[in-house]
Amino acid sequence: MYLPILVLSFYSFNQSPYSATWQGFTLDWYRKLFSDDRILSALQNSMIVAGFAVGISAVLGTLMAVGLARYQFPGKKLYQGVAYLPLIIPDIAIAVATLVCLAAFAIPLSLWTIVAAHIVFCLAYVGLVVASRLSNLDPHLEEAALDLGATPTQAFIKVLLPQLMPGIVAGCLLAFVLSLDDFLIASFTAGSGYNTLPMEIFSRIRSGVKPDINALSVMLITVSAIAAIVAELIRISGENKS
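This one's a predicted model, so the numbers in the text were calculated from it and none came from an experiment.

Thresholds, definitions, all that
- Residues numbered from 1 in each chain as written.
- Predicted model: local features only at pLDDT ≥ 70, side-chain atom pairs only at ≥ 80, totals over all residues.
- Heavy atoms only, no water.
- Helix = DSSP H or I, 4+ residues; strand = E, 2+ residues; numbered from the N terminus.
- Contact = heavy atoms within 4.5 Å.
- Areas by Shrake-Rupley, 256 points an atom, 1.4 Å probe, with all protein chains shown as cover.
- Lys, Arg positive; Asp, Glu negative; His and termini not counted.
- Charge placed at Lys NZ, Arg CZ, Asp CG, Glu CD.
- Phe/Tyr/Trp six-rings, centres within 6.5 Å; stacked < 30°, edge-to-face > 60°.
- Buried < 20%, exposed > 50% of the residue type's maximum accessible area, 1.4 Å probe, protein only.
- Axes fitted to C-alpha atoms, helices over the stretch in contact; angles between N-to-C directions.
- Left-handed = near helix turned anticlockwise from the far one by under 90°.
- Nonpolar A, V, L, I, M, F, W, Y, C, P; charged D, E, K, R; others polar.
- UniProt positions renumbered as here; feature names shortened; annotations may be inferred.
- Disulfide = S-S within 2.5 Å.
- Salt bridge = Lys/Arg side-chain N within 4 Å of Asp/Glu carboxyl O.
- Patch = residues over 30% accessible without salt bridge, like charges linked within 9 Å, V, L, I, M, F, W, Y side chains within 5 Å.

Peer 1: How should the overall build of the chain be read in this particular structure?
Peer 2: The secondary structure content of the chain amounts to 11 helices and 0 strands. Along the chain, helices (α) and strands (β) appear in the sequence α-α-α-α-α-α-α-α-α-α-α when read from the amino end. Counting only C-alpha atoms, the chain reaches 70 × 45 × 30 Å along its principal axes. The long-range share in the chain, meaning contacts at least 24 apart out of those at least 6 apart in sequence, stands at 73%. Approximately 13,300 Å² of the chain is accessible, and the part contributed by carbon and sulfur atoms is 70%. Counting 13 positive and 14 negative side-chain charges, the chain places the averaged centre of each group 2 Å from the other.

This is the structure:
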């Protein structure tokens, strides 16, 4: 399973501009990336999209998870199923549905339409991780805070939120990785001139895979892997403390 990644990493240090032949070790392709305006612009767009999508999803996903776990209301089961539906719906279906919706309301495509589309699936992932963390917490702590005179808002901020923080951070890191790596949804909802990093990679490999693309892919994989590992460590640490 990891053999393609190892091969990709190996050829990213190849001095030859053609991936098929090895002509020596070099770091030039990595240096070239940091002087490429298109790459830097695409990276900036990806970071903006991921940052806003994750930030909004963190707030809404946490409130959604708490509301579904702590409160009863009509249509709760239906809402719960709909809220986590993006986890199982194919990306192509979300991409097409979002594009049709934007066209129906005559909303022009831009960087912010990518953000809106990414919130859809980021929200579900953050909510799922926070809900998992919430299921391991003692609900009597909130009740004790209320009995001692705290308002529901104070009990949420001072008692529940600190306990949920490991799950929130882990969910945000997971959602950040998914948003940063997304190509399909971004390509359907991006406006003209708003390439994200995966879109830039795809546009360049049409003429063949070059070592600079190998280097860029390795960097993207590395950042994603580090974020995923940190998210898992934070989640495990939070569960151990609880």
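Peer 1: Explain the packing of aromatic side chains here, please?
Peer 2: Any pair of aromatic rings gets described here by the distance separating the centres and the angle formed by the planes. A complete count under the given rule lists 6 aromatic pairs for this structure. The interplanar angle of 15° and the centroid separation of 5.2 Å between the aromatic rings of phenylalanine 13 and phenylalanine 25 together place this pair among those described as stacked. A residue pair is termed long-range when its members are at least 10 positions apart, and phenylalanine 13 in the loop between α1 (3–11) and α2 (28–33) and phenylalanine 25 in the loop between α1 and α2 qualify at 12 residues. On the basis of relative accessibility, which here comes to 24%, the residue phenylalanine 13 falls in the partly exposed class. In this structure phenylalanine 25 comes out as exposed when scored by relative accessible area, which is 57%. In textbook terms, an aromatic cluster arises when at least three aromatic residues are bridged by ring pairs, as seen for Phe13, Phe25 and Tyr30.

Peer 1: What is the right way to look at the packing of helix α6 (residues 111–134) against helix α8 (residues 152–181) in this model?
Peer 2: Packed helices, taken two at a time, are described by their axes: the angle between them and the distance between them. Two elements in contact, α6 and α8, have axes separated by 8 Å at closest approach and are oriented at 145°. The handedness of the crossing between α6 and α8 is right-handed. Residues belonging to the contact of α6 with α8 are distributed by class as follows: 16 nonpolar, 5 polar and 1 charged.

Peer 1: Honestly, the UniProt feature "transmembrane region" (unreviewed entry) in the chain in this entry has me stumped. Any pointers?
Peer 2: What UniProt calls "transmembrane region" (unreviewed entry) maps, in this numbering, to residues 45–69, 81–105, 111–131 and 213–234. Across residues 111–131, helical content stands at 100% and strand content at 0%; the span's end C-alpha atoms are separated by 30 Å.

Peer 1: Would you mind showing me how to read the packing of helix α7 (residues 140–147) against α8 here?
Peer 2: α8 packs onto α7 with a crossing angle of 145° between their chain directions and a minimal axis gap of 9 Å. When the axes of α7 and α8 are compared, the crossing they make is right-handed. Listed contacts from α8 to Leu141, Glu142, Ala145 and Leu146 of α7 are Pro152, Ala155, Val159, Leu160 and Gln163. Here the contact of α7 with α8 is built from residues that sort into 7 nonpolar, 1 polar and 1 charged.

Peer 1: Looking at this model, I keep getting lost on the state of the cysteines. Mind explaining?
Peer 2: The bond known as a disulfide is covalent and runs between the sulfur atoms of two cysteines. Applying the stated criterion to the full structure yields 0 disulfides. Cysteine 122 provides the cysteine sulfur closest to cysteine 101, a residue in no disulfide bond, and the two sulfurs are 18 Å apart. Between cysteine 122, a free cysteine, and cysteine 172, which holds the nearest cysteine sulfur, the sulfur-to-sulfur gap is 9.1 Å.

Peer 1: Help me understand the environment of threonine 62, please; the structure alone is not making it clear to me.
Peer 2: Following the sequence through the fold, threonine 62 ends up in helix α3 (residues 37–70). Placed 17 residues apart in sequence, threonine 62 and tyrosine 79 show a C-alpha to C-alpha distance of 15 Å. Once you skip the residues sitting within four places of it in the chain, threonine 62 turns out to touch Ser57, Val130, Phe156, Leu164 and Ile168.

Peer 1: Teacher, can you tell me more about unusual backbone geometry here?
Peer 2: Peptide bonds are trans in most cases, and residues, glycine excluded, mostly fall at negative phi. The phi angle at alanine 106 is positive, at roughly 55°, despite the residue not being glycine. Mapped onto the secondary structure, alanine 106 falls in the loop between α5 (91–104) and α6.

Peer 1: Got a minute to help me understand the environment of isoleucine 88 in this structure?
Peer 2: Here isoleucine 88 lies in the loop between α4 (76–83) and α5. In the structure, isoleucine 88 is positioned 33 residues away from phenylalanine 121 in sequence and 9.9 Å away in space, judged by C-alpha atoms.

Peer 1: Can you help me understand the pattern of salt bridges in this one?
Peer 2: A side chain of one charge can pair with a side chain of the opposite charge when the charged atoms of the two come close. The full count for this structure, using the stated rule, is 2 salt bridges. The partner of arginine 38 in a salt bridge is glutamate 200, with the nearest N and O atoms 2.7 Å apart. Residue arginine 38 is located in helix α3, and its partner glutamate 200 is located in helix α10 (residues 197–204); the two are separated by 162 residues in the primary sequence. Residue classification places glutamate 200 among the buried positions, given a relative accessible area of 2%.

Peer 1: Would you explain a nonpolar patch on the surface in this entry?
Peer 2: Taken together, Met1, Tyr2, Leu3, Ile5, Leu6, Val7 and Ile221 make up a surface patch of nonpolar side chains, about 760 Å² in accessible area. Looking at the nonpolar patch, the element that brings in the most residues is α1, giving 4 residues. Here valine 7 lies in helix α1. Looking at valine 7, the relative accessible area reads 39%, which means it is partly exposed.

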